[in-house]
Amino acid sequence: MPLKHPQTSNGSTNVNLSLPPVSMLEGERVPRHTLPKGELPPDVAYQIIHDELMIDGNARLNLATFVTTWMEPQARSLMDECLDKNMIDKDEYPQTAEIETRCVNILSTLWHAPDAVQATGCSTTGSSEAAMLGGLALKRRWQHKREAQGKPTDKPNLVMGINVQVCWEKFANYWDVEMRLVPMEGDRFTLSAEEAVKRCGENTIGVVAILGSTFDGSYEPVEEICAALDQYESDTGIDVPVHVDGASGAFVAPFVDPDLKWDFQLPRVASINASGHKYGLVYPGVGWVVWRDADALPEELIFWVNYLGDNMPTFALNFSRPGAQVVAQYYNFLRLGFGGYAAVQGYAREVATRLAGEIEKLGPFELLTRGDALPVFAFKLADGIDHYTVFDLSNALRARGWQLPAYTFPKNRTDLAALRVVVRRGVTHDLSDLLISDIKRELAVLDKQSAAVHTSENSTSFHH
Ligand SMILES: *Cc1c(COP(=O)(O)O)cnc(C)c1O
């Protein structure tokens, strides 16, 4: 039913919100790559863009993304109210600035910073910006130490697993730091303590440990990596700090793996980043970076902006950016509390581990992970299944609206192709039952197709 619209001044109702007006369809086409000559009525412009965006997939069936696709309506209202607030205008929007500080304090406490009241950290546009800031602080600290020793500072390197997210490749490229990548080996798809230490030296600004890996959802062994670096320091005198890329896991582990030691409880952990818009449960884009204490963040990286006549420290790549996401993060903290986050992440893990088990039972698959670290798991075709590929299955499911990405692993496991499922808020047991029945249906189709190809090949050779 079309929405009713007020009469225009010439007396005709000119907008029907269900379809662009016929005059638009018959006349000139709307230019796509140049500005239109004049104005369009707002409803028409809205409808044209709204219709075009229908082609984007259904976010709820997107099992590829880690990013939040559902928030409560109250969070949406707050975001609407804050759309016009610029995060950097701390003078004009002091309460938004105050709320950002509270969020940093909450995260510092959650991640066991030694003195959460003196918390050092900030919001960012996501983990990528947070990684840049964390990496820069590591680089500066290393430079200061080297300068104090009268040693050269022109060859910094950063040690990490080849499974790092692309933001670390950007960091290395943009800030001239050599990446020392640990390749995968056999069934080891993440960084190990032993391989990390092997690549460290006096030019190492830090080791990045991921909680958890985007390839398969597994946690890297942060505690073991720290212990190995403790040993390395006592053997060589070289002190290598650790940055934890907790893009997803820093909002998961504290709630469902309380015994896992991965955060500031380990003295070697200097900084942690997390994506508020992943398991922080906020719409994109907000991220966080927190340092263990003020010493971990070199003073000269901080800029001072005017705040109510006072000076307020900031550390960021951007200047202007929206305040709405930070407010939405605070809404979640207040609304859910520790118990609420534990319930949401606990349910996600329950759905992930059950779904992984069901997929394993189907027969043609082998699980690489089981969804028991991040609520994320990867699986491949079992040995001997070679009449279709994981890419075929991914495409087939796409036709049913599911986005289930297939991808090959990096060096030295480029032979391995897998599918990955990300379970996040909104992916329910019901939805996973639907996925299982669609996988069954598509597997049957793929089997039939390959049998048909096989028969026609045979009959062709018969005729020859
Ligand atoms: C998603 C992700 C990033 C990048 O985070 P954005 O918030 O999308 O910028 C970095 N590292 C890991 C491990 C991730 O999962």
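Okay, so let's go over this structure. As the structure is a computational prediction, the values presented were derived from the model and not from experiment. (Residues numbered from 1 in each chain as written. Predicted model: local features only at pLDDT ≥ 70, side-chain atom pairs only at ≥ 80, totals over all residues. Heavy atoms only, no water.)

### Topic: the overall build of the protein
A tally of helices and strands in the protein yields twelve helices and 13 strands. Seen through its C-alpha atoms, the protein measures out along the principal axes to roughly 75 × 75 × 45 Å. In the protein, which comprises 464 residues, the share counted as buried stands at 50%. For the protein, the computed accessible surface area is about 22900 Å², with 53% contributed by carbon and sulfur atoms. (Helix = DSSP H or I, 4+ residues; strand = E, 2+ residues; numbered from the N terminus. Buried < 20%, exposed > 50% of the residue type's maximum accessible area, 1.4 Å probe, protein only. Areas by Shrake-Rupley, 256 points an atom, 1.4 Å probe, with all protein chains shown as cover.)

### Remarks on the sheet that holds strand β13 (residues 417–422)
Pairing is antiparallel across the open sheet formed by four strands, whose spatial order is β10-β11-β13-β12. Two strands in the sheet have a free side with no partner beyond their single neighbour: β10 (365–367) and β12 (406–408). Along the sheet, successive strands turn relative to each other by an average axial angle of 40°, direction set aside. Bridge count between strand β11 (residues 376–381) and β13: four bridges; the pairing is antiparallel. By the bridge assignment for β13, V376 is matched with V422. Along the sheet face, helix α11 (residues 390–398) touches β10, β11, β12 and β13 and points at about 35° away from the line of β13. (Pairing = 2+ DSSP bridges. Axes fitted to C-alpha atoms, helices over the stretch in contact; angles between N-to-C directions. Contact = heavy atoms within 4.5 Å.)

### Digging into the site of the ligand
Inspection of the region around the ligand gives G126, S127, S128, Q165, C167, I210, T214, D245, A247, S275, H277 and K278 as its neighbouring residues. In this structure, S128 approaches the ligand through a side-chain N or O atom, which is 2.6 Å from an oxygen atom. In the environment of the ligand, a nitrogen atom lies 2.7 Å from a nitrogen or oxygen atom belonging to the side chain of D245. Considering the ligand on its own, with 380 Å² of exposed area, one finds that the protein chains cover 88% of that surface. (Near = heavy atom within 4 Å. Polar contact = N/O pair within 3.5 Å; in protein donor to acceptor, adjacent residues only side chain to side chain.)

### Overview of the layout of surface pockets
Empty pockets left among the atoms are what a rolling probe the size of a water molecule brings to light. Empty space within the largest pocket amounts to approximately 830 Å³. G121, C122, P313, T314 and F315 are the residues nearest the centre of the largest pocket, which is lined by 34 residues in total. Elements with a minimum of two residues in the lining of the largest pocket: α4 (94–110), β1 (120–124), α5 (127–148), β8 (303–307) and β9 (310–314). Its residues assigned to classes, the lining of the largest pocket comprises 22 nonpolar, eight polar and four charged. (1 Å grid on protein atoms, 1.4 Å probe; cavity = no way out; pocket = protein on both sides within 12 Å on 5 of 7 lines; lining within 4 Å. Points joined across faces, edges and corners; volume = space filled by probe spheres on them. Nonpolar A, V, L, I, M, F, W, Y, C, P; charged D, E, K, R; others polar.)

### Digging into empty space enclosed by the protein
As enumerated under the stated definition, the model contains one cavity of 30 Å³ or more in all. Around the largest cavity, the lining residues are F66, T68, T69, W70, K278, Y279, L281, R424 and R425.

### Here we look at the packing of helix α3 (residues 73–82) against helix α10 (residues 324–361)
Packing of α3 against α10 leaves a shortest axis separation of 8 Å and a crossing angle of 150°. Considering the angle they form, α3 stands roughly antiparallel to α10. Between α3 and α10 lies a crossing of right-handed hand. Between α3, through Q74, A75, L78, M79 and C82, and α10, the contact on the second element is made entirely by A324, Q325, V327, A328 and Y331. Taken together, the residues that form the contact of α3 with α10 break down as eight nonpolar, two polar and no charged. (Parallel < 35°, antiparallel > 145°, perpendicular 65-115°, else oblique. Left-handed = near helix turned anticlockwise from the far one by under 90°.)

### Considering the pattern of salt bridges
With the rule as written, the count across this model stands at 20 salt bridges. The closest approach of N and O atoms between R102 and E98, which form a salt bridge, is 2.9 Å. With R102 and E98 both in helix α4 and four residues apart, this pair spans about one turn of that helix. Taking the relative accessible area as the measure of exposure, E98 reaches 29% and is therefore partly exposed. Salt bridges sharing partners connect three or more residues here, namely D230, E233, D239 and R268. (Salt bridge = Lys/Arg side-chain N within 4 Å of Asp/Glu carboxyl O.)

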